[in-house]
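# Notes for the structure review
In case you want the letters, here they are:
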Amino acid sequence: MMLIKEIAVNVNILNSRIKKCFFDKLQENGINITPEQYLVMDILWEKPSISQQNIADIIQKDKNSVTKIIDSLEKKNFVKRVMDKNDRRINKIELTDEGFALEKITTEVAINFMNHTIKGIDNQDLDKFVEVMRRLKDNLDNIEATSNVL
């Protein structure tokens, strides 16, 4: 297989496998959220009140996808929408008490999961992997900025 194709296939497989395995670990521990919902919750544990657009920008998902994630989290009573006091067009997303209560166990599960995922890989290789991912992301950012490149 060509190297470029192998990279593309393995990145896709890795993404899918991480999400599936992480979802399974969350469910095994009685945590009723998906990996995508976890990304939103993790942002809110760091910043308990943030606009829906800021969340979309951070997790690199379109506004409609983020709306669906937040709708689901709201139905589970983990988050609530609060109208911004300065701009009524903006919804701030805030954690509920139930959302705050999930932080400790969910973070432990996420850390344990990732520790098992990277088991046997030394820090030097992980640092290089992170650097390569950053460079790939930068290249994608440049492609998006200059849409006529391809």
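The structure we're discussing is the one just above.
Before going into details, it helps to say that this report is about the structure given with it. (Residues numbered from 1 in each chain as written. Predicted model: local features only at pLDDT ≥ 70, side-chain atom pairs only at ≥ 80, totals over all residues. Heavy atoms only, no water.)

### A word on the packing of aromatic side chains
How two aromatic rings sit relative to each other is set out by the distance from centre to centre and by the angle between their planes. Condition: Aromatic pairing here means that ring centres of Phe, Tyr or Trp (its six-membered ring) are within 6.5 Å. Orientation follows from the plane angle: under 30 degrees is stacked, over 60 is edge-to-face, and everything else is tilted.
Taken as a whole and judged by the stated rule, the model has 3 aromatic pairs. One aromatic cluster is present, formed by F22, Y38, W45 and F113 through successive ring pairs.

### So, helix α6 (residues 103-117)
Rules: The helix and strand labels rest on DSSP assignments: H or I over at least four residues marks a helix, E over at least two residues marks a strand, and numbering proceeds from the N terminus. In this scheme, a helix's expected span is set at 1.5 Å multiplied by one less than its residue total. A simple rule labels every residue: compare its accessible area, found with a 1.4 Å probe on the protein chains alone, to the largest value its type can have, and call it buried under 20%, exposed over 50%, or partly exposed in between. For this quantity, the arc is that covered by the directions from the helix axis to the C-beta atoms. Every residue pair with non-hydrogen atoms within 4.5 Å of one another is taken to be in contact.
With 15 residues, α6 extends 21 Å between its outermost C-alpha atoms, agreeing within 8% with the 21 Å of an ideal straight helix rising 1.5 Å per residue. Buried within α6 are the following residues: T106, V109, A110 and F113. The buried residues of α6 all sit within an arc of 95° when viewed along its axis, so they share a single face. Structurally, α6 contributes buried residues whose contacts are with α1 (3-28) and α2 (35-46).

### What about the packing of helix α3 (residues 52-59) against helix α4 (residues 63-75)?
Note the following rule: For helices, the fitted line uses only the C-alpha atoms of the stretch in contact; every axis is such a line through C-alpha atoms, and the angle between N-to-C directions lies from 0 to 180 degrees. When an angle is under 35 degrees it counts as roughly parallel; over 145 it counts as roughly antiparallel; between 65 and 115 it counts as roughly perpendicular; any other value is oblique. By the definition used in this description, the sense in which the near helix is turned from the far one sets the handedness, with an anticlockwise turn below a right angle giving left-handed and a clockwise turn giving right-handed. The nonpolar class holds Ala, Val, Leu, Ile, Met, Phe, Trp, Tyr, Cys and Pro. Asp, Glu, Lys and Arg form the charged class, and all remaining residues, Gly among them, are polar.
Running from N to C, α3 and α4 point in directions that differ by 110°, and their axes come no closer than 9 Å. The angle between α3 and α4 places the two elements in the roughly perpendicular class. Pair α3 / α4 crosses with right-handed handedness. Between α3 and α4, the contacting residues are Q52, Q53, I55, A56 and I59 on the first element and K63, V66, T67 and I70 on the second. Here the residues of the contact of α3 with α4 are counted per class, giving 5 nonpolar, 3 polar and 1 charged.

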